[in-house]
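# Chains, contacts and geometry: an overview
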Amino acid sequence: MKLSVLDQSVISKGATASTALQNTVKLAQLSEELGYTRFWVAEHHNSNGIAGSSPEVLISHIASSTKKIRVGSGGVLLPQYSPYKIAENFKVLEALFPNRIDLGIGRSPGGAATTRIALTDGLRKSLNEFPRQVRDLQAFLSNDLNADHPYELVKAYPVSSSSPHIWMLGITHRGARLAAEHGTAFTYGHFITPANGQRALDYYYENFQPSTLLPKPQANVCVFVVCASSQAKAEELALSQDMWLLAIEKGLDTRIMSVKEAKRIPLTSADIAKIQENRKRMIIGTPQKVKEDILRLSEQYRTDEFMIINNVYDFQDKMETYTLLAEALL
């Protein structure tokens, strides 16, 4: 079994964005020590509770602060940007940190309509262009644009002996189809939509078309995990994550509250039902229970790699989850 990390640089109440980013680096260093395979950072915008808005900048700092763990994005919001510029950014990263860079890309609009328009500087770009952008990104990374392409004379530099690994992020059958058709690795977001996972992964494996950058299918699955020495402690720690997800869905303050504060928040029947539904996106429990659940998902999804995301209030509790997981599975 291979374990990896997705970290969103979330901000706990009473802390600062600077602290959240410093904790991300500390978590990357711990993950490397524990034997995790890769460490990815996310891209979120217009959120007061998430400090990770520029994965390229953060990747460079994390890779500089570690020695061998793969570092990447989970993921860059390709529809908002130029495939050429993304190729340049990640070619620079690959030249700085050879054979260590993952380029995860997603189709997400990046937020509400106003936020997306701000990202594109007023240009209304269609999400339907995403497949074409993926093709262009692959071609710029390999400097292999077709002769009839309008940018055929444009090359992405620097040139180096290795190339970033492209991962397509998806939560539906459509994402799996795009990854299979374009010959990229595929990450399924169980932590967002668990219901579609098996169908998506089955389609990806059965329809994968080899590319110059990836000869055979490669997939992993991202899932929320809260792990502690006892089931009761794990359930309690997960309360802060429960309330954080609820706040995101309601458009409220997205800084993570403490368990103590979470216990004081009055909940409606709709809130309770939503929390119970969100728990399907998580694995919560002792190391043995978490191990059993991950092994079960491994059979279901036919993958030996899981990306673990944990957004609890206290950073020490967060590090304990990753430590206990490594002891149980690595």
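Residues numbered from 1 in each chain as written. Predicted model: local features only at pLDDT ≥ 70, side-chain atom pairs only at ≥ 80, totals over all residues. Heavy atoms only, no water.

## Some remarks on the overall build of the protein
- Counting secondary structure elements, the protein contains 12 helices and 10 strands.
- A compact globule built from 330 residues would reach a C-alpha radius of gyration of about 20 Å, and the protein, at 19 Å, matches this within 12%.
- Oriented by its inertia axes, the alpha-carbon framework of the protein measures out at about 65 × 40 × 40 Å.
- Buried residues in the protein amount to 51% of all 330 residues. (Helix = DSSP H or I, 4+ residues; strand = E, 2+ residues; numbered from the N terminus. Rg over C-alpha atoms; globule rule 2.2 N^0.38 Å. Buried < 20%, exposed > 50% of the residue type's maximum accessible area, 1.4 Å probe, protein only.)

## Description of unusual backbone geometry
- Following Gly74, the chain continues to Gly75 via a peptide bond in cis, the omega torsion being 0°.
- Checked against the element boundaries, Gly75 lands in the loop between β3 (70-73) and β4 (76-77).
- Cis geometry marks the peptide bond from Tyr157 to Pro158; its omega dihedral reads 5°.
- Phi angles above zero are rare outside glycine, and Asn99 is one such case at about 60°.
- Looking at the element boundaries, Asn99 is found in the loop between α3 (83-96) and β5 (101-106).
- Look at Asp121: it is not a glycine, yet its phi comes out positive at around 55°.

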